[in-house]
Amino acid sequence: MKKIIFVCLGNICRSPMAELIFKDLAKKAGVEFEVTSRATSDDEVGNGIYPLAKAELIKHGITGEHRAQTITFDDIFEADYIIGMDTWNMRALYRLAGDGLAHKLKRLCDFTDKPRDVADPWYTRDFKKAYDDIYDGCVALLKFLTSVQDK
């Protein structure tokens, strides 16, 4: 089973949203993946999903629990895909992964027809836009992964 880790700065907004959205999409599609999320910083370790991010998920019928954790080299080594939310996250992931594991690293919205960063709603306060961007990225990622599995 393919293992996917979504990554953002604190692991309380974007990456847990992506984890729960992707799990919901995969379940509805009848496919299975091991999915989790992590942070590039340790500022929020142990904290749950930020209330405004959780509220946005609930608006879309998505629920779930989560506690923030920091990504490690072992996480990258063991996963098949490490999916970052923005360019800054990708830089941090490349430093941690090194050249040998860099092929596992992808930016979420690079799977869409409109490659872009998912802006951090902690700063923008636009949780709806973050949800929309993450949802688009997760739909495209699921399409990519299921096409790869079929081959």
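Treat the numbers as computed from the prediction; the structure is a model and nothing was measured.

### Quick word on helix α4 (residues 87-101)
1) Next: With 15 residues, α4 extends only 17 Å from end C-alpha to end C-alpha; this falls clearly short of the ideal 21 Å at 1.5 Å per step.
2) Next: Where α4 bends most, the angle comes to about 60°, and this point is R95.
3) Next: Along α4, the residues that are buried comprise N89, M90, A92, L93, A97 and L101.
4) Next: Summarising the contacts, the buried residues of α4 are in contact with β1 (3-8), α1 (14-29), α3 (73-78), β3 (81-84) and β4 (105-107).
5) Next: Capping of α4 at its N-terminal end is provided by D86; its side-chain oxygen lies 3.1 Å from the backbone amide nitrogen of W88.

### With respect to the nonpolar core
1) Next: In this structure, F6, I21, F22 and I134 are the most contacted members of the largest nonpolar core, which totals 35 residues.
2) Next: Every element with two or more residues in this core is listed here: β1, α1, α2 (51-59), β3 and α6 (127-149).
3) Next: Here this core takes eight residues from α6, the largest share from any one element.
4) Next: Contact partners of I21, with chain neighbours within four places excluded, come to L57, I62, Y131, I134, Y135 and C138.
5) Next: In this structure, I71, I82, A97 and L101 belong to the second largest nonpolar core, which totals 11 residues.

### Overview of the side chain of D133
1) Next: Its location among the elements puts D133 in helix α6.
2) Next: Given a relative accessible area of 6%, D133 falls into the buried group.
3) Next: Within the structure, D133 has its side chain in polar contact with the side chain of R116 (distance 3.2 Å).
4) Next: Those residues in contact with D133 that lie beyond four places of it in its chain are C109, R116, D117 and V118.

### With respect to the sheet that holds strand β2 (residues 34-39)
1) Next: The four strands lie next to each other as β2-β1-β3-β4, forming an open sheet whose pairing is parallel. The open sheet has two edge strands with one neighbour each: β2 and β4. The average undirected angle you get between the axes of adjacent strands in this sheet is 25°.
2) Next: Relative to β4, β3 runs parallel, the two sharing three bridges. Note on β4: the bridge partner recorded for G84 is R107.
3) Next: Strands in contact with α1 are β1 and β2; relative to β1, the strand with the most contacts, it is inclined by about 150°.

### Thoughts on the packing of α1 against α2
1) Next: Relative to each other, α1 and α2 sit at 20°, their axes nearing to 10 Å. Judged by the inter-axis angle, α1 sits roughly parallel to α2. The interaxial crossing formed by α1 with α2 has right-handed handedness. Side by side, α1 and α2 meet where M17, L20 and I21 of the first sit next to A53, E56 and L57 of the second.
2) Next: For the contact of α1 with α2, the residue count by class is five nonpolar, no polar and one charged.

So, how was this worked out
Residues numbered from 1 in each chain as written. Predicted model: local features only at pLDDT ≥ 70, side-chain atom pairs only at ≥ 80, totals over all residues. Heavy atoms only, no water. Helix = DSSP H or I, 4+ residues; strand = E, 2+ residues; numbered from the N terminus. Expected span 1.5 Å × (residues − 1). Bend = angle between axes of the 7 residues up to and from the residue. Buried < 20%, exposed > 50% of the residue type's maximum accessible area, 1.4 Å probe, protein only. Contact = heavy atoms within 4.5 Å. Polar contact = N/O pair within 3.5 Å; in protein donor to acceptor, adjacent residues only side chain to side chain. Core = buried A, V, L, I, M, F, W, Y, C linked by side-chain atoms within 4.5 Å. Pairing = 2+ DSSP bridges. Axes fitted to C-alpha atoms, helices over the stretch in contact; angles between N-to-C directions. Parallel < 35°, antiparallel > 145°, perpendicular 65-115°, else oblique. Left-handed = near helix turned anticlockwise from the far one by under 90°. Nonpolar A, V, L, I, M, F, W, Y, C, P; charged D, E, K, R; others polar.

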